[in-house]
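So the chains spell out like this:
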Amino acid sequence: MSAWIWGVGTSNFGRQTDRLPAELAWEALVEALADAEVDGVDAAYVGTVFGSLGVAQRALSGVGLSGIPIVTVENACASGSTAVHEAGVAIASGRYERVVALGVEHLTSLFKGPIASDPTDLEQATGLLFPGIYAMSASRYLHEHDVTIEDLAEVAVKNSRHGALNPRAQRRQALTREEVLGSKMIAEPLTLFQCAGLSDAAAAVVLGPRRRSRRDVHLRASALRSGGPWDHASEHVWGFDVVRDTAQDAYAAAGIAPGDADVLEVHDAFTIGEVVTLEALGLVEEGGAPAAVAAGELSLGGTTPVNPSGGLLSRGHPLGATGVAQVAELAWQLRGDAGDRQVEGARIGVLETMGGGTAGLDGNACVVAVLEAG
Amino acid sequence: MAVAPPTLKRTDPRPVVVDGADGPLLVGIRCTLCGHPSATSPPRCARCGGETAEARFGPDGTVWATTTIHVASGVREAPYTLAYVDLDDGPRLLAHVQDGPGLGLRVAERARLTGETAGGDPHVKVIR
């Protein structure tokens, strides 16, 4: 028994200071329930990182979903994909017959500048901030490989071209390398356009067992891990090992090889994040991601498009909603519903989300999932 | 030689730095089973789960990575420079770089623990 994606929905992504978190969730839920052609579910899993007390219940009750088991998940940037993973396991195990996974986040009401982790965390207390975590990876990566800051910027250029084709994206302007490198410096070597901006949004996915519908998308496998220790004894930059190991779990469960993916949605909260992730996923060799980006292999029209939605950099990164939005994008791609950013003939989609921020760990959580057209 | 116990900063997760005979030292732990060192002081080793004992590290090490943060964060004014420094035979330490931006700190350079900033952050300076 396995799980199928019956319907997906999202709000728009961006700075939506005049919208309540629950209102954004209602948009996503109404669309997903209609897309799935159901009016109720048996349980809900809700991913949110900074969501306030009861945001899941406020959101779900507004579309008639109350009195059911509701589980709220905090797994940093992988909160939404953890909710989808747990919903899929609940369906596959026969625990429930219809489940909704919701992700919701409203960052502009909480932050003015870069997101910081918990003040009792060593690295945050020392002033590293999230951009700093990734900047450290970039510093090391540039030292170890024959790669330049211009090469890193090309990831943002690629994803901005994709985001310009996504009507729901936060940043809808195609950027040049000069614009990316010339934007405000945040944490050297990462400039503003190499960092996902503050975003408010929600996304929802309805899952259930197999139906007689070619529109339903097969959740062929998903895997969840938390990171092991990350310190001076670690061989790779932060987050590499947990993504690699989670991907291997998912590939094995799905019976695919990395090269079988036709389209990917991966965690590009920062340009270096996409680079390290693509290598950890086994899509390219270590040190090879920037060359693959430069060659156009990972762009729409290339051999294996990565982040056709615009990714976290351009679609936006409302933390808890991100993983669910990745599932929505892949569902649209695998059904052929992705409009101007459609990857022609896509049959297998892979998503990866990595959440971190706890000092000394190689990430708080990572989810890798394999989706297949129905 | 008797050593004074480190001052516990119970609400502050940052590592403790004390004065040693040859300069400031980081107070952390070393696993009694596998020998793995840590800049924090948990009761069990993150690598093998073994019991830990207090240990002191530094002051010298090698820069693993570095960044300069250009956005203000709470109590700190930007820009400021941070480095992960792998202390010799010790743990990786996240530290502020003395004299801050413009220093041109590079990966793989040698650095030395020089104490704590007025705000309580461990700080290092490059050795050239």
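None of these values were measured; they are calculated from a predicted model.

A. Local environment of the overall build of chain B. Along the backbone of chain B there are zero helices and nine strands. Along the chain direction, N to C, the helices and strands of chain B fall in the order β-β-β-β-β-β-β-β-β. Evaluated residue by residue, chain B yields a buried proportion of 38% over its 128 residues. In chain B, the proportion of contacts linking residues at least 24 apart, taken out of those at least 6 apart, comes to 45%.

B. Structural context of the overall build of chain A. Helices and strands together make up the secondary structure of chain A, namely 12 helices and 11 strands. Here the C-alpha atoms of chain A give a radius of gyration of 19 Å, agreeing with the 21 Å that 2.2 N^0.38 yields for 374 residues. Once the C-alpha set of chain A is aligned to its principal axes, its extents read approximately 55 × 40 × 40 Å. Sequence-distant contacts in chain A: of pairs separated by 6 or more residues, those separated by 24 or more amount to 79%.

C. Focus on the environment of A:Leu224. All names here are of chain A. In this structure, Leu224 sits in strand S8 (residues 217-225). Distance from Leu224 to Glu352, taken between C-alpha atoms, is 10 Å for residues 128 residues apart in sequence. The residues contacting Leu224, other than those within four sequence positions of it, are Thr82, His85, Ala365 and Val367.

D. Representation of the domain arrangement of chain A in the model. All names here are of chain A. When its domains are assigned, chain A resolves into domain 1 (3-110 + 200-213) and domain 2 (122-197 + 220-372). Listed per partner, the contact involves 35 residues of domain 1 and 32 residues of domain 2. Put simply, the parts of the chain that give the side of domain 1 that touches domain 2 at least two residues each are strand S1 (3-10), helix H3 (79-92), strand S4 (99-106) and strand S7 (200-208). It is H3 that provides the largest number of residues to the side of domain 1 that touches domain 2, a total of eight residues.

E. Up close: the packing of H3(A) against helix H12 (residues 319-335) of chain A. Residues and elements named next belong to chain A. At their nearest, the axes of H3 and H12 sit 5 Å apart, and the two run at 50° to each other. If you check the angle between H3 and H12, you find them oblique. Contact with H3, carried on its side by Ser79, Gly80, Ser81, Ala83 and Val84, involves Leu319, Gly320, Ala321, Thr322, Gly323, Val324, Gln326 and Val327 of H12 and no other residues of that element. Of the residues assigned to the contact of H3 with H12, the class counts are six nonpolar, seven polar and no charged.

F. Highlighting the interface of chain B and chain A. The partner chain A presents 27 residues to the 28 residues of chain B that form the contact. Elements that contribute at least two residues to the side of chain B that touches chain A include exactly strand S5 (60-69), strand S6 (80-87) and strand S7 (92-97) of chain B. With six residues, the top contributor of residues to the side of chain B that touches chain A is S5(B). Here the residues of the side of chain B that touches chain A are counted per class, giving 14 nonpolar, seven polar and seven charged.

G. How the structure looks around the sheet that holds S8(A). Residue and element names in this part refer to chain A. Judged by pairing direction, the sheet is mixed, and its nine strands sit side by side in the order S3-S2-S4-S7-S1-S8-S11-S10-S9 without closing on themselves. One side of each edge strand has no neighbouring strand; the edge strands of this open sheet are strand S3 (70-73) and strand S9 (263-265). For this sheet the average axis-to-axis angle between neighbouring strands, irrespective of direction, equals 25°. Pairing of S1 with S7, which is carried by six bridges, proceeds in the antiparallel orientation. Bridge pairing in S7 links Gly9 to Ala204. Packed onto the sheet, helix H8 (residues 240-254) meets S8, strand S10 (348-355) and strand S11 (365-372) and runs at close to 145° relative to S8.

H. Up close: the pairing of S4(A). Residues and elements named next belong to chain A. Of all eight residues in S4, eight are buried, a share of seventy percent or more. Where burial is concerned, the two faces of S4 agree: the one with Val99, Ala101, Gly103 and Glu105 and the one with Val100, Leu102, Val104 and His106 are both buried. Two strands pair when backbone bridges link them, and strand S2 (residues 43-47) and S4 are joined in this way by five bridges, in the parallel orientation. Across the sheet, the residue bridging to Val46 is Leu102, located in S4. Pairing of S4 with S7 involves eight bridges; the strand directions are antiparallel. Bridged to Glu105 within S7 is Ala201.

I. Seen up close, the pairing of S1(A). Residues and elements named next belong to chain A. Counting buried positions along S1 gives eight out of eight residues, so the element sits mostly inside the fold. The pairing of S1 with S8 spans three bridges and is antiparallel. Across the sheet, residue Trp4 finds its bridge partner in S8, namely His218.

J. Spotlight on the environment of B:Thr62. Residues and elements named next belong to chain B. Relative to the elements of secondary structure, Thr62 occurs in strand S5. Judged by the 18 C-beta atoms lying within 10 Å of it, Thr62 falls in the partly exposed class. Considering only alpha carbons, one finds Thr62 and Asp86, 24 residues apart in sequence, at a separation of 5.2 Å.

What counts, and where the lines are drawn
- Residue positions are given per chain, counted from 1 along the sequence in the order it is written.
- Throughout, the order in which chains and ligands are written sets their labels, letters from A for the former and numbers from 1 for the latter.
- Local features in a predicted model are, by the rule used here, given only for residues with pLDDT of at least 70; side-chain atom pairs are given and counted only at 80 or more, and totals for whole chains, interfaces and linings are based on all residues.
- Segments assigned H or I by DSSP are reported as helices when at least four residues long, segments assigned E as strands when at least two residues long, and all are numbered from the N terminus.
- Exposed residues have 12 or fewer other C-beta atoms within 10 Å of their own C-beta, buried residues have 20 or more, and partly exposed residues fall in between, where C-beta atoms are placed from the backbone.
- Once C-beta atoms have been placed from the backbone, residue pairs whose C-beta atoms lie within 7 Å are recorded as contacts.
- The globule rule is 2.2 Å times the number of residues to the power 0.38, and the radius of gyration it is compared with is taken over C-alpha atoms.
- What counts as a domain boundary in this text is fixed by an automatic or database domain assignment.
- Only the stretch in contact is used when a helix axis is fitted, and all axes are lines through C-alpha atoms; the angle between N-to-C directions ranges over 0 to 180 degrees.
- When an angle is under 35 degrees it counts as roughly parallel; over 145 it counts as roughly antiparallel; between 65 and 115 it counts as roughly perpendicular; any other value is oblique.
- Throughout this entry, Asp, Glu, Lys and Arg are counted as charged residues, while Ala, Val, Leu, Ile, Met, Phe, Trp, Tyr, Cys and Pro are counted as nonpolar. The remaining residues, Gly among them, count as polar.
- Two strands are said to pair when DSSP picks up at least two bridges between them.

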